[in-house]
Amino acid sequence: MEAAVKATKTIPVVGVDFESDPVAKGWVATLARPGGNVTGFFLDMPELSGKQLQLLKEVKPNLARVAVLGDARANEPQFRATEVAAQGAGLMLQRLPVKGLNEIPRALADAVRQRTGGLLVLSSPMIFGAVARIAEVAVKHRLPAISLFVPFFAEGGGLLAYGPAFLDPFRRAASYVDRILKGAQPGDLPVQRPTKFQFVVKPQDRQGHRTHDPTGAAAARGSHRRMTGLGFFRERTIASCTLHTIGSTMSPIRQKATPRN
C-alpha cells in the first residue's frame, strides 16, 4: 500500500486493507473525508484482543497465562492493546514477537515450555501465511487458541476464530472502484471500518473432546454448521456487533445470528 501511495498523487488508489493507520501515515486527511487520491478499508482493530481474551477465558475458565504471537514489525499496537486487556482480565501475558516465518516454530515451542494456558494470534500478512501451521501446533499441544483469521484458523484446527468477515471488504472495495469509474472522487469516499464480524468455534477437537461454545451458537436461531476437512464448525455471521473498548467490561457475544448467503 505504501508503495502505491508513494507512486502517484493523482491515480485513484483503493486499499482493501491498510496495514497501518492511514491517518497516522499521512495517506488520508481523515477517515470520514480522506481528500487526495486514496480511500479504502482500514481493518486493523487492536481492541478486538480484549474480546478474544474473553472468549478464551470462557472456554477455559481457569486460564491464567496467555501467549500472544505476532509480527514484531507490524503488530506493536496490537501487542500493547492485548497487554492492557490482559491486565484488566487478570491474565499473565507472554509476548511472542517474530520477524519471519522461520521464527514461528521456536516461538510456539517457547510458549509450550512455559506451560501457557492459551494462545492469541495477532494479525499481519506474515502471520496469515503461517496460520495453518500455527493451528496445527496448537492442536498438537492441546492449546486453546484464537485468531481473527476467520474461518481459516478454525479450519486449520484452531479452536476459535473471531474477527472481521474476511471477504466483505473485497466486495465493498469493488463498489468503490465502480463509483470512481463513474466519476466519484476517492477523496470524497470515506475510509471504512469493519461492520460485519464472524465467529467460528470448533465444538470437537481431533481427539474427540467436547469444547464449550461460549456464545451458545448451537442454539442460536439461524446458526448453522459447515463441513470442512477437519469436521464440523459452527459459524455465525454477526451483521452488527458492538465492540467494547479496551478497559471496559467485556461481555459475551449474544447477538442474534444471521445466516450467511
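This text goes with the structure placed above it.
(A) Just the pattern of salt bridges, in detail. With the rule as written, the count across this model stands at 10 salt bridges. The salt bridge involving E83 is made with R95; its shortest N-O contact spans 2.8 Å. Placement of E83 in helix α4 (residues 76-89) and of R95 in strand β4 (residues 92-98) is noted, with a sequence separation of 12 residues between them. We classify R95 as partly exposed; its relative accessible area is 30%. Between D168 and R172 there is a salt bridge, with its nearest N and O atoms 3.0 Å apart. Of this pair, D168 and R172 both sit in helix α9 (residues 168-181), 4 residues apart, which is roughly one turn of that helix.

(B) Examining the packing of aromatic side chains more closely. Applying the stated criterion to the full structure yields 8 aromatic pairs. Their ring planes at 15 degrees and their centres at 5.7 Å tell us that F128 and F166 sit as a pair that is stacked. One end of the pair, F128, is in helix α6 (residues 125-128); the other, F166, is in the loop between β7 (160-164) and α9, and 38 residues separate them in sequence. For F166, a relative accessible area of 29% puts it in the partly exposed group.

(C) Examining the environment of A145 more closely. Mapping A145 onto the fold places it in strand β6 (residues 145-147). When its relative accessible area of 0% is taken as the criterion, A145 is described as buried. The residues contacting A145, other than those within four sequence positions of it, are L56, L119, A138, F153, G158, L159 and L160.

(D) Highlighting the nonpolar core. Counting residues in hydrophobic clusters, the biggest one holds 49 residues, and the most contacted among them are L69, L119, I127, I134 and L160. Those residues in contact with I127, other than ones at most four positions away along the chain, are L69, G70, D71, N75, V98, I104, V121, L122, I134 and F149. By size, the runner-up hydrophobic cluster in this structure holds 8 residues, among which are V5, V13, F18 and V38.

What counts and how
Residues numbered from 1 in each chain as written. Predicted model: local features only at pLDDT ≥ 70, side-chain atom pairs only at ≥ 80, totals over all residues. Heavy atoms only, no water. Salt bridge = Lys/Arg side-chain N within 4 Å of Asp/Glu carboxyl O. Helix = DSSP H or I, 4+ residues; strand = E, 2+ residues; numbered from the N terminus. Buried < 20%, exposed > 50% of the residue type's maximum accessible area, 1.4 Å probe, protein only. Phe/Tyr/Trp six-rings, centres within 6.5 Å; stacked < 30°, edge-to-face > 60°. Contact = heavy atoms within 4.5 Å. Core = buried A, V, L, I, M, F, W, Y, C linked by side-chain atoms within 4.5 Å.

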